[in-house]
Amino acid sequence: MSVLFPKWFNSFPTLAAVGGGGFLLTAIGAFWYWATPAFWEVGYQPIQPVEAFSHQIHAGRLGMDCRYCHTKVEVSAEANVPNVATCYGCHAEKRLAAWSTQRVSLVREAYAKDASIEWRRIHKLPDYVRNFPHNVHLAAGVSCYSCHGQITAMPVVHQVQSLSMSWCLDCHRNPESRLVPKDRVTQLVWVQNFLENRGVAAAGAMGSGGSQQPTPGDVVHSLKRQPPQGCGACHY
Ligand code: HEC
Ligand code: HEC
Ligand code: HEC
Ligand code: HEC
Ligand code: HEC
C-alpha cells in the first residue's frame, strides 16, 4: 500500500493549531497597533501629487543638500519649495532614462505645460503668528533636524514636532542643547549623531583631554542674542 499519510503527517494537527494561533495573535496585534491613537497621530502627512517625491531618495540616498531645492532657506524667512525646472534639470526626457517611471512623467508633463506641481503644504503656523524666520534660526546653528526630524529618511515628509507655542518657547528658553556648528545645519545625519551623542562626547572630552567634535558648550558662543520670549517677537 502506498503511504497516503506519511509519518510526518501525524504532526499536522499540531502544526495547524500553532500556525492558526499565530495568525490570530498577529491579527489581534495588528488591530491593537493600527487602531490606537499612537499610530494615527504620528503626524500630518497628506497625499502628495507626484506620489511621494522621496526625500529619502534625493536627500538621503543621492545625498543632495537641502539648499539645492530649498534655495532661499538661508537667506529669507520663507523656505521655498522648488519649481518644476529644478526637477527637470535631472528628469528631462533623455536623462536618467533607466530610472524613469510613470511617476517621473508627472514632472515632464508639468514642465511641458509650464505648470507647477501642486504640493500639499505640511508645516503651517496659524496666521496670527508672525512670519517664521528660517534664516535667523539657521544662522544661529539650529538645524532643520531639530524642527523637521530626520528628513533624509522620509519617503514622504510628515510633521514630527507639534509646532505649538510651548514647543517654540521650550527651545527659546534653553537653546544650548540644540545648537550645532552653523556649517552643519543641513547635514541631518551628522546632526542627529551629534545631538544624540553629546553626552558621550562631553564625557570623552573630560576624560581623555579633548575630543575632535565641538561640544554644545563650544557651539553656544555662536549665538548672537538670546532667543526672544516676548509676545511681540512672534505675534502682531
Ligand atoms: C530634489 C529637491 C529637494 C531636496 C534636495 C530637498 N527637498 Fe525638501 N522638498 C522638496 C519638495 C518638492 C517638497 C514638496 C513636496 C513634499 O512635501 O514632499 C519638499 C518639502 C519639504 C518639507 C515639507 C514642507 C511643507 O510642506 O511643510 C520639508 C520640511 C523639507 N522639504 C525639508 C527638506 C530638508 C531638511 C532637506 C535636506 C535634508 C530637503 N528638504 C531636501 C524638494 C527637495
Ligand atoms: C540632481 C538630480 C535630481 C534632481 C534635481 C531631482 N531628481 Fe528625482 N531622481 C533622481 C535620481 C538619480 C533618481 C533615481 C534614484 C534611484 O532610484 O536610485 C530620482 C528618482 C525620482 C523619482 C522616483 C522614480 C520612481 O518611480 O521610482 C521621482 C518621482 C522623482 N525623482 C521626482 C523628482 C522631483 C519631483 C524633483 C524636483 C522636486 C526631482 N525628482 C529632482 C535625480 C534627481
Ligand atoms: C526652528 C525650527 C525650524 C528650522 C530650524 C527649520 N524649519 Fe522649516 N519650518 C518650520 C516652521 C515652523 C514652518 C512653518 C512656517 C509657517 O507656517 O510660516 C516651516 C516650514 C518649512 C517649509 C514649508 C515652506 C512652504 O512654503 O511650503 C519647508 C520647505 C521647510 N520648512 C524646510 C526647511 C529646511 C530645508 C530647513 C533646514 C535648512 C528648515 N526648514 C529648518 C520650522 C523650522
Ligand atoms: C530648536 C530651537 C528653536 C526652536 C524650536 C524655535 N526657535 Fe526661534 N530661535 C532659536 C534661536 C537659537 C534664536 C536666536 C537667533 C539669534 O538671534 O541668534 C531664535 C530666534 C527667533 C526669533 C527672532 C528672530 C530675530 O529676527 O531676531 C523669532 C521670531 C523666532 N525665533 C520664532 C520662533 C517660532 C515662532 C518658533 C516655533 C514655531 C521657534 N522660533 C522655534 C531657536 C529655536
Ligand atoms: C517664540 C514664539 C512665540 C512667543 C514668544 C509667543 N508666542 Fe504665542 N504662539 C506662538 C505659536 C507658534 C502659536 C501657535 C500655536 C499652535 O499652532 O498651536 C502661538 C499661539 C498663541 C495663542 C493661541 C492659543 C494657544 O495657546 O495656542 C495665544 C493666545 C498666544 N500665543 C499668546 C501669546 C502671548 C500672550 C505671548 C507673550 C507672553 C506669546 N504668545 C509669546 C509663538 C509664540
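Once that is clear, we can look at the overall build of the protein. A count of helices and strands for the protein gives 13 helices and zero strands. Sequence-ordered secondary structure for the protein, helices as α and strands as β, is α-α-α-α-α-α-α-α-α-α-α-α-α. Within the protein, the proportion of its 236 residues that are buried is 15%. By sequence separation, contacts in the protein at least 24 residues apart represent 72% of the contacts at least 6 residues apart.

Glancing now at the site of ligand 1. Of all residues adjacent to ligand 1, which total 23 residues, the nearest are C66, C69, I122, H123 and C144. Those elements that place two or more of their residues in the shell around ligand 1 are α3 (55-61), α4 (66-69) and α8 (144-148). Residue composition of the shell around ligand 1, by class: 14 nonpolar, eight polar and one charged.

Taken as a whole, the protein shows an average pLDDT of 80; of its residues, 65% reach a score of 70 or greater. Contacts from residues 35-42, a stretch scored under 50 in pLDDT, to residues over four places away or in other chains number three contacts. Taken together, the stretch residues 206-211 has pLDDT below 50 and engages in four contacts with residues farther than four places along the chain or on a different chain.

Below, the discussion takes up the packing of helix α5 (residues 84-91) against helix α6 (residues 102-112). At a minimum axis distance of 9 Å, the contact between α5 and α6 shows a crossing angle of 120°. Relative to α6, α5 is oriented oblique. You can see that α5 and α6 cross each other, and the crossing is left-handed. Residue-level contacts link V84, C87, Y88 and H91 of α5 to V104, V107, R108, A110 and Y111 of α6. Counted by class, the contact of α5 with α6 contains seven nonpolar, one polar and one charged residues.

Counting 15 residues, the largest nonpolar core has C144, V180 and V191 as its most contacted members. Elements supplying a minimum of two residues to this core: α8 and α10 (188-196). Ignoring anything within four residues of it in the chain, the contact list for V191 reads S143, Y145, V180 and R184.

The phi dihedral of D114 is positive, around 55°, even though this residue is not glycine. Within the fold, D114 resides in the loop between α6 and α7 (134-139). A count of 8 C-beta atoms within 10 Å places D114 in the exposed class.

Criteria and cut-off values
Residues numbered from 1 in each chain as written. Chains lettered and ligands numbered in written order. Predicted model: local features only at pLDDT ≥ 70, side-chain atom pairs only at ≥ 80, totals over all residues. Helix = DSSP H or I, 4+ residues; strand = E, 2+ residues; numbered from the N terminus. Buried ≥ 20, exposed ≤ 12 C-beta atoms within 10 Å, placed from the backbone. Contact = placed C-beta atoms within 7 Å. Near = placed C-beta within 6 Å. Nonpolar A, V, L, I, M, F, W, Y, C, P; charged D, E, K, R; others polar. pLDDT = per-residue confidence, 0-100. Axes fitted to C-alpha atoms, helices over the stretch in contact; angles between N-to-C directions. Parallel < 35°, antiparallel > 145°, perpendicular 65-115°, else oblique. Left-handed = near helix turned anticlockwise from the far one by under 90°. Core = buried A, V, L, I, M, F, W, Y, C linked by C-beta atoms within 7 Å.

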